[in-house]
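A look at the structure
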Amino acid sequence: MTWTKKMPQNPVVAVAGATGAVGQEFLRVLHDVDFPAAEVRALASARSAGKKVAFGGCGQVPAGELTVQEMTPEAFEGVDIALFSAGAGVSHQFRDAVTAAGAVMIDNSSAFRMDDDVPLVVPEVNPRDIEWHSGVIANPNCSTIQMVAALQPLHELAPITRVVVSTYQAASGGGAKAMAELYDQTRDFLGGTPDDELSVEAFQHRIAFNCIPHIDVFLDDGSTKEEWKMVVETKKIMHAPDLAVAATCVRVPVLRCHGESVNVEFADEVTVNEARAALKAAPGLHLMDDPAENTYPMPAHLAGTDGTFVGRVRRDPSVPHGLAFWCVADQIRKGAALNAVQIAQLLVP
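Model, not experiment: these values are computed from the prediction.

Moving on, we get to the overall build of the protein. For the protein, the helix and strand inventory stands at 8 helices and 14 strands. Taking 349 residues into account, the globule formula puts the C-alpha radius of gyration at 20 Å, and the protein, at 20 Å, falls close to it. Taken over the C-alpha atoms alone, the protein extends approximately 60 × 55 × 45 Å along its principal axes. The buried share of the protein, taken over its 349 residues, is 53%. At a minimum sequence separation of 6, the contacts of the protein that also span at least 24 residues come to 67%. In the form shown here, the protein has an accessible surface area of approximately 15,000 Å², with 51% of it arising from carbon and sulfur atoms.

Right under this line is the structure:
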């Protein structure tokens with residue numbers, strides 16, 4: 001059933017998982033976009049209740065500190081928008097309580113992304129899909145978000161028939177503990193700690209000075225769940241069930257910002273100049289593509305930014321109508337918190 005409750009102009013916003021890396025970024029983004037909130041509640045597990053988290057203020061909420069409340073069903077009473085980044089299990093646990101309270105859940109986990117009654121939204125690509133939500137809107141996987149943001153303006157030039165993508169995913173995709181592990185391993189490795197004595201907890205192998213072609217669990221067909229997400233989520237977001245997508249997802253020793261090498265095949269000819277013009281004009285995209293000046297997107301230079309950055313646009317001569325490009329986006333910002341807040345902005349009248 002489509003949601004019918006009217007959203008107020010100054011909604012009450014709850015941030016579920018407020019002490020985590022994405023939860024903290026939710027709070028920063030709410031401030032950065034000056035979201036018109038009447039109230040912002042910071043929610044987390046019982047062990048975090050009572051902690052103070054800094055908040056820059058937004059809407060009617062002044063700058064200062066928020067006191068973390070325990071996330072219980074009662075904590076959502078009076079909430080209009082609940083931004084969730086607390087894991088799929090927690091999202092499943094609280095879905096009914098959130099919607100029963102009359103709040104719209106914008107969920108950053110994988111819990112509901114492929115449910116038929118849950119829109120999967122990237123505001124630059126399929127904003128109108130929020131019109132049929134029934135209380136839950138899913139935030140796509142981080143690697144999917146930046147890719148479809150770049151694919152959509154190209155798809156409008158000519159239908160895309162096939163996509164092959166290899167990702168270079170930052171440690172931030174594993175959360176704050178994973179980023180800390182990259183720091184610690186790098187320091188210890190350079191300090192002479194033997195490889196077999198390094199602490200490996202966040203990833204399957206050492207991440208310092210290494211690349212790990214394994215994100216999430218392996219599936220029966222030999223792909224990983226992260227790769228599966230990119231395939232099925234891209235089709236759903238772009239309303240392209242026949243689009244062929246092949247993905248290889250790799251964790252690399254970068255703190256923030258995912259990079260992606262993307263090869264696209266079109267139904268008809270699209271020139272490099274046409275592609276560059278479309279990418280340059282697209283909302284949320286930034287074209288950084290001047291090989292003569294060594295200008296192209298790089299994760300080290302783009303941490304903390306909001307857009308999707310595209311460069312190295314060129315022909316792919318291996319197929320009749322092919323192009324290749326490279327894109328980078330901050331996994332915590334556009335890949336998670338910013339996209340969710342942009343969805344929330346679409347809900348406010």
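Here the narrative resumes, following the displayed structure.
Attention now goes to the sheet that holds strand S12 (residues 285-287). Here we have 6 strands laid out as an open sheet, ordered S10-S9-S11-S14-S13-S12, and mixed in their pairing. The open sheet has two edge strands, strand S10 (244-251) and S12, and neither has a second partner. Geometrically, the sheet is characterised by an average inter-axis angle of 20° between neighbouring strands, direction not taken into account. Bridge analysis of strand S11 (residues 258-266) against strand S14 (residues 322-329) gives 8 bridges, and the strand direction is antiparallel. By the bridge assignment, Val 262 is partnered in S14 with Phe 325. Helix H3 (residues 142-155) rests against strand S9 (160-169), S11, S12, strand S13 (308-315) and S14 of the sheet, and its axis sits at about 35° to S11.

Relative to each other, H3 and helix H5 (residues 225-237) sit at 40°, their axes nearing to 9 Å. As the angle between them shows, H3 and H5 are arranged oblique. Viewed along their axes, H3 and H5 form a crossing whose handedness is right-handed. Contacts from Ser 143, Thr 144, Met 147, Val 148 and Leu 151 of H3 reach H5 at Glu 226, Lys 229, Met 230, Glu 233, Thr 234 and Ile 237. Among the residues forming the contact of H3 with H5, the class breakdown is 5 nonpolar, 3 polar and 3 charged.

This brings us to the pairing of S9. As paired elements, S9 and S11 share 8 bridges and run antiparallel to each other. From the neighbouring strand, Arg 162 faces S11, where its bridge partner is Glu 265. Here 8 bridges tie S9 to S10, and the two strands are oriented parallel to one another. Bridge assignment links Val 164 to a residue of S10, and that residue is Ala 246.

The next thing to look at is the nonpolar core. Judged by nonpolar contacts, the single largest core of 57 residues is most densely connected at Phe 76, Phe 84, Leu 151 and Phe 325. For this core, the element with the most residues is H3, which contributes 7 residues. Not counting chain neighbours up to four residues away, the residues in contact with Phe 76 comprise Ala 14, Arg 41, Leu 43, Met 71, Ala 82, Phe 84, Phe 94, Val 98 and Ala 101. Counting 36 residues, the second largest nonpolar core, distinct from the first, contains Val 13, Val 29, Phe 55 and Ala 340.

Scoring rules and cut-offs
Residues numbered from 1 in each chain as written. Predicted model: local features only at pLDDT ≥ 70, side-chain atom pairs only at ≥ 80, totals over all residues. Heavy atoms only, no water. Helix = DSSP H or I, 4+ residues; strand = E, 2+ residues; numbered from the N terminus. Rg over C-alpha atoms; globule rule 2.2 N^0.38 Å. Buried < 20%, exposed > 50% of the residue type's maximum accessible area, 1.4 Å probe, protein only. Contact = heavy atoms within 4.5 Å. Areas by Shrake-Rupley, 256 points an atom, 1.4 Å probe, with all protein chains shown as cover. Pairing = 2+ DSSP bridges. Axes fitted to C-alpha atoms, helices over the stretch in contact; angles between N-to-C directions. Parallel < 35°, antiparallel > 145°, perpendicular 65-115°, else oblique. Left-handed = near helix turned anticlockwise from the far one by under 90°. Nonpolar A, V, L, I, M, F, W, Y, C, P; charged D, E, K, R; others polar. Core = buried A, V, L, I, M, F, W, Y, C linked by side-chain atoms within 4.5 Å.

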